[in-house]
Amino acid sequence: MKGILRYLKPFSAMMLGGFLIKTIGTLIELALPYILSHILKNVVVTADLKNIIIWGVAMIICALLSAYLNIIANRRASLVARNFAENIRHDLFDKIMRLSSAQIDKFTIPSLESRITSDTYNIHNFAGIAQRMGVRAPILLIGGIIITLTMDSYLALAMIAVLPFIFITVYFVSKKGIPLYTKVQSSVDRMIRVVRENVQGIRVIKALSKADYEHKRYDKVNKALSQDERKAGITMGMINPIMTFLMNFGIVAVIALSANRIANHQSDPETVIAFMQYFTLISMAMMTVTRIFVMYSKSAASAGRIMKVIETEEDLSVCTKDACPDIDDGNHIVFDNVSFSYNKKQNDVENISFKIKKGGSLGIIGATGSGKSTIIKLLMRFYDTSSGNIFINGENIKTIENDRLHSMFGVALQNDFLYSDTIKENILFGRSATEAEIKRAASVAQAEEFITAFPDGYEHILAQKGTNISGGQKQRLLIARAVLNSPEILILDDSSSALDYKTDANLRKALKDSLKNTTVITVAQRVSSVKDSDTVIVIEEGKIIGAGTHEELFMNCPEYKEISDSQMGGAIID
């Protein structure tokens, strides 16, 4: 929780003003029972109607003033809580955007979504109630005790004797609450994961008539969440009935003692009436303190989860030139004996070595799961190599700042995303470009024809994830986005799988004609997509089993020849 509190520092002046206003309003509220006692004891007995009205109006004014000051303080508290939570969400989102792929894998996307939504909501709620009630409740509690001690110390001590038991109950129950609410948030993560998977795969679920199966999956995680919430709720819910019992016990003791004291003329009814009002205020204050502790347990669990992300240290730091020296061999991209493992146990790619000249092209082909996309992730430094080095323009990529490194690339992935906006904005993707440059990118990507077929052309609105256009059209828009700024390195990772052979051939020709100085890396399972590359490497189980031109591989690599024959004529694979 300490890490989160630093976000309140910019609002310290506003909070201080709110606390001052809240304090004044609460003190006025605290004076009302005392004024009532004075009226009953000293004013009513005079039978002076004018004096009674004056004191009655004074009570009304005090009540209205107290309400007005509390409203102002509550508005300030709400403003601070809103801006406080906004700053946390901003930093959390910024940090998530800067996490490495390995760190995102560790946290998981559903968990990150939960932290930036429900966890920040818990923090926001606590920040608000802590300011609204965190000042009022202690003043009512402490002030009420002090005033009752001055009015009748004997009765006050009977009431105070109950308070230690209440504090002990609150402390021990709240101590158990934090781990319970942490477990609840983990269950929320799991539920979000299932919901996310179902929303993304809704078409497949319906096509395969698996709605009932997915409903059972959701019920399972939903019941687990309900059980965790029930356990946390029951544990934290123990506070209220225990407190109510103890406070009622204290009230009964006070009433019994006050009856005896009035009978013995040691006190008077007016004092007891005021005393009971103060006791009610003190009881309400204690209930509020309990509520604050319950919300603190939730927010402390959420704060820990949020700060765990924000305070995560960067694991892809920039290396010094001395530790990661450059090379000078005239090639644009060099993989030097690169190996990598996701789980740090068994290599997913091993001893990968190749070189690409500036403006050259490389094709990577292999079966699903062979490690093709892993090579691309390593080139863009989404992950660091386990061994070996990667160089771009002679620089070890570990010495290149992430922003500069990623600005070299234009990337089109098979399952990349389109958002609900115009075709133009989806191609621009937040960058600046002229109309001519946008149309040129669309033309290169073979997207111009279908875009202009829409009545509103480039202003045509896409549905979320581009569900209102075909798979091939989506891929062409993604390629247009990738080539818009004529990147230094263009990566097409299975991004033409939905294109027919003619469109694919036209795309490759357009790329070759329009991006002469761009190094192109094509990852595919179709031979036709890579056969024109300067070099083609064949990947199997994370290793290069063949490298060369299409013709060389056809003659010297049986696995490549088998793929080529099955796709382009010749032997048929069962």
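Our structure's up above, just so we're on the same page.
This is a predicted model, so every value here is computed, not measured.

Caption draft 1: Up close: helix H6 (residues 153-160). Along H6, the residues classified as buried are Leu155, Ala156, Ala158 and Met159. In a view along the axis of H6, the buried residues occupy a sector of 155 degrees, so they form one face of it.

Caption draft 2: Inspection of the packing of helix H10 (residues 239-263) against helix H11 (residues 269-310) at higher detail. Interhelical geometry of H10 versus H11 gives an angle of 170 degrees and a closest axis separation of 11 Å. One finds that H10 runs roughly antiparallel with respect to H11. H11 is crossed by H10, and the crossing has right-handed handedness. Along its contact with H10, which presents Ile239, Asn240, Met243, Thr244, Met247, Gly250, Ile251, Val254, Ile255, Ser258 and Ile262, the element H11 presents Pro269, Val272, Phe275, Met276, Phe279, Ile282, Ser283, Met286, Met287, Thr290 and Val294. Split by residue class, the contact of H10 with H11 holds 16 nonpolar, six polar and no charged.

Caption draft 3: Examining the packing of aromatic side chains more closely. Within this structure, the stated rule accounts for eight aromatic pairs. Taken together, a centroid distance of 5.2 Å and an interplanar angle of 90 degrees make the contact between Tyr342 and Tyr383 edge-to-face. Placement of the pair is Tyr342 in the loop between strand E1 (333-340) and strand E2 (349-356) and Tyr383 in the loop between helix H12 (372-379) and strand E4 (387-392), with a sequence separation of 41 residues. Using a relative accessible area of 33% as the deciding quantity, one classes Tyr342 as partly exposed.

Caption draft 4: Molecular detail of the sheet that holds E1. Spatial ordering of the open sheet is given by E2-E1-E4-E5, a layout of four strands whose pairing is antiparallel. With partners counted over all chains shown, the strands left at the sheet margins are E2 and strand E5 (395-396), one partner each. The strands touched by H12 within the sheet are E1, E2 and E4, with E1 carrying the most contacts at an inclination of about 115 degrees.

Caption draft 5: Local environment of H10. The end-to-end C-alpha distance of H10 is 36 Å, a good match for the 36 Å that 25 residues give at a rise of 1.5 Å each. Residues of H10 that are buried: Ile239, Met243, Leu246, Met247, Gly250, Val254, Ser258 and Arg261. Among the residues trailing H10, His265 stands out with phi positive, at a value near 60 degrees.

Caption draft 6: Region of the structure containing the state of the cysteines. On inspection of all chains with the given rule, the structure shows one disulfide. Put simply, Cys319 and Cys324 are joined by a disulfide, and their sulfur atoms are 2.2 Å apart. On the sign convention where negative means left-handed, the S-S torsion of about 85 degrees between Cys319 and Cys324 marks this disulfide as right-handed. Under the relative-accessibility criterion, Cys324 is labelled buried at 8%.

Reading guide: rules and limits
Residues numbered from 1 in each chain as written. Predicted model: local features only at pLDDT ≥ 70, side-chain atom pairs only at ≥ 80, totals over all residues. Heavy atoms only, no water. Buried < 20%, exposed > 50% of the residue type's maximum accessible area, 1.4 Å probe, protein only. Helix = DSSP H or I, 4+ residues; strand = E, 2+ residues; numbered from the N terminus. Arc of directions from axis to C-beta. Axes fitted to C-alpha atoms, helices over the stretch in contact; angles between N-to-C directions. Parallel < 35°, antiparallel > 145°, perpendicular 65-115°, else oblique. Left-handed = near helix turned anticlockwise from the far one by under 90°. Contact = heavy atoms within 4.5 Å. Nonpolar A, V, L, I, M, F, W, Y, C, P; charged D, E, K, R; others polar. Phe/Tyr/Trp six-rings, centres within 6.5 Å; stacked < 30°, edge-to-face > 60°. Pairing = 2+ DSSP bridges. Expected span 1.5 Å × (residues − 1). Disulfide = S-S within 2.5 Å.

Limitation: the analysis is restricted to geometry and does not speak to function.
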